[in-house]
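# Geometric and topological summary
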Amino acid sequence: MCLKDFAKSLPHPVKQGLYYVYGSTSPRFRYGKVFWQTYNFLQESQWWSREKLEEYQMQQLEKLLRHAYENVPYYRRVFDERGLKLKDIQDFDDLKKLPYLTKEIVRENLPDLMARNYPKSKVRHVTTGGSTGIPLGFYHEKGASEAKERAFIITLWHRVNFKMDDRCVVLRGNVVHSANKGKFWEYDPLNKNLVLSSYHMTNETFPKYIAKIRESRPDFIQAYPSAITILARFMKKNNIEPFSSVKALLCGSENLYSCQRELLEEVFQCKVYSWYGHSEQAALAGECEKSTYYHIQPEYGIVELINKDGNPATNEDELGEIVASGVSNFVCPFIRYRTGDLAIPSNGKCECGRNYPLLKRVEGRLQEFIVANDGSLIALGPAIFGIHDTEWTKVKQIQFLQEIPGESVIKVVKGSSCSDAETAAYVLRLFKARFAGRCKLDVKFVDHIPRTKSGKFRFLVQKLPIEFGRKK
Ligand SMILES: [Zn+2]
């Protein structure tokens with residue numbers, strides 16, 4: 001047999017990150033070296049003492065800073081302009097000598113944020129939609145960034161008994177090409193995932209989605225909280241039985257509000273597991289088997305919580321912005337990156353035995369807040385998700401739009417045959433308690449509210465620049 005015929009005789013190769021796998025569906029073969037190194041490391045490090053974790057973090061930070069100083073023009077400039085040398089940063093407190101990295105700085109300095117010692121072939125340009133709607137572009141290390149991320153996420157999911165060969169239903173904004181022809185899912189045999197379209201969920205199509213999920217007997221459902229909440233509302237309204245095979249819902253990439261969690265637990269009758277992360281790969285935190293506090297992963301990044309005054313938010317119940325330095329992305333380092341996400345710390349220790357720092361709650365993205373007439377911020381997520389299901393009778397969908405402080409327009413897709421005036425009065429009544437005297441609300445009727453490019457349901461289009469506290 002000639003080489004060409006031999007090549008043809010092989011099964012069709014499937015690309016998984018950098019690795020082409022011939023017909024293998026075993027995780028041992030389908031994930032590469034970087035994945036297994038990271039994964040095996042995490043199985044040990046998650047039980048390290050606080051001291052050992054900090055020692056490890058400091059070593060990683062030194063490595064990152066040396067690399068950034070020597071190979072990344074933007075950081076060389078940052079050091080030089082301040083007359084700083086590497087030896088000036090000896091502990092985590094010294095990190096404060098470096099300025100914050102904002103999304104604007106990333107946008108304006110992207111070429112200078114790329115490390116010079118990586119060949120172009122090792123670099124992948126990625127973009128994230130971001131809640132502001134303005135995309136943010138940066139770089140990952142081809143293959144490696146994704147493999148590390150997968151190792152971290154699978155380690156988090158192990159906390160709710162996820163195993164690598166478990167079957168999943170995925171509802172995370174994927175585009176399903178056959179959906180326009182009425183088939184709203186596709187099967188990914190490599191990962192044993194049934195991928196559902198997030199763009200075609202309506203009262204008419206839900207029964208098909210539900211029948212398909214039931215038929216596939218998934219062990220877990222991976223979902224954006226906003227998408228799975230819509231499915232849950234439909235199931236609750238129609239008294240639909242939960243899926244008995246599902247052990248937990250794996251919710252990430254969006255904030256999960258407590259009222260959403262309650263609804264999901266009630267409808268699906270299983271654990272709802274949530275984690276916090278972002279494509280910039282600077283911070284990662286996940287719940288555990290024992291509590292709903294987010295355990296910050298020190299092996300992933302160094303997290304500071306900065307309060308309104310620009311100081312560390314260390315007290316219980318003190319709100320702070322997550323400022324993170326990722327220690328694994330050397331292609332495009334994010335050091336002291338202002339994520340725009342707010343969280344509340346906890347100084348306690350979790351009974352699961354891990355010594356990770358804890359976040360009591362992630363309060364959401366700054367861009368999910370409404371600016372009141374006195375400049376204060378109103379969290380919109382709890383206002384929307386806190387409305388009881390039985391109250392959502394006259395509207396199909398809503399979305400807030402804010403362009404002026406103290407004023408907001410609520411776009412509404414009508415759900416019943418009420419008159420416009422009746423529906424408008426009804427919607428305003430829903431939000432009256434939270435907004436009265438702080439923000440003027442107007443209702444505007446629309447036929448359709450499109451989802452974002454990544455398939456998320458955006459409940460607020462915030463056009464105002466929102467800053468939390470002083471810039472330092
Ligand atoms: Zn724990």
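Residues numbered from 1 in each chain as written. Predicted model: local features only at pLDDT ≥ 70, side-chain atom pairs only at ≥ 80, totals over all residues. Heavy atoms only, no water.

Now for the packing of helix 5 (residues 73–81) against helix 6 (residues 103–113). Helix 6 packs onto helix 5 with a crossing angle of 105 degrees between their chain directions and a minimal axis gap of 7 Å. In terms of orientation, helix 5 lies roughly perpendicular with respect to helix 6. Along the contact surface, helix 5 presents Pro73, Tyr74, Tyr75 and Arg77, while helix 6 presents Ile105, Asn109, Asp112 and Leu113. (Axes fitted to C-alpha atoms, helices over the stretch in contact; angles between N-to-C directions. Helix = DSSP H or I, 4+ residues; strand = E, 2+ residues; numbered from the N terminus. Parallel < 35°, antiparallel > 145°, perpendicular 65-115°, else oblique. Contact = heavy atoms within 4.5 Å.)

With that settled, consider the sheet that holds strand 22 (residues 460–462). Taken in spatial order, the four strands make up an open sheet running 21-20-19-22, and their pairing is mixed. One side of each edge strand has no neighbouring strand; the edge strands of this open sheet are strand 21 (440–445) and strand 22. For this sheet, the mean inter-axis angle between neighbouring strands, taken without regard to orientation, is 20 degrees. Across three bridges, strand 19 (residues 395–404) lies against strand 22 in parallel orientation. For Leu401, the partnering residue across the bridge sits in strand 22 and is Val461. Along the sheet, helix 12 (residues 420–435) makes contact with strand 19, strand 20 (407–414) and strand 21, crossing strand 21 at roughly 145 degrees. (Pairing = 2+ DSSP bridges.)

As a further point, take the layout of surface pockets. One number sums up the size of the second largest pocket: a volume of about 1200 Å³. Forming the walls of the second largest pocket are 34 residues, and the residues nearest its centre are Asn203, Ile230, Val395, Lys396 and Gln397. Of all the secondary structure elements, the ones that give two or more residues to the lining of the second largest pocket are helix 9 (225–237), helix 11 (380–385) and strand 19. In terms of residue count, the dominant contributor to the lining of the second largest pocket is helix 9 (six residues). Here the lining of the second largest pocket is composed, by residue class, of 15 nonpolar, 10 polar and nine charged. (1 Å grid on protein atoms, 1.4 Å probe; cavity = no way out; pocket = protein on both sides within 12 Å on 5 of 7 lines; lining within 4 Å. Points joined across faces, edges and corners; volume = space filled by probe spheres on them. Nonpolar A, V, L, I, M, F, W, Y, C, P; charged D, E, K, R; others polar.)

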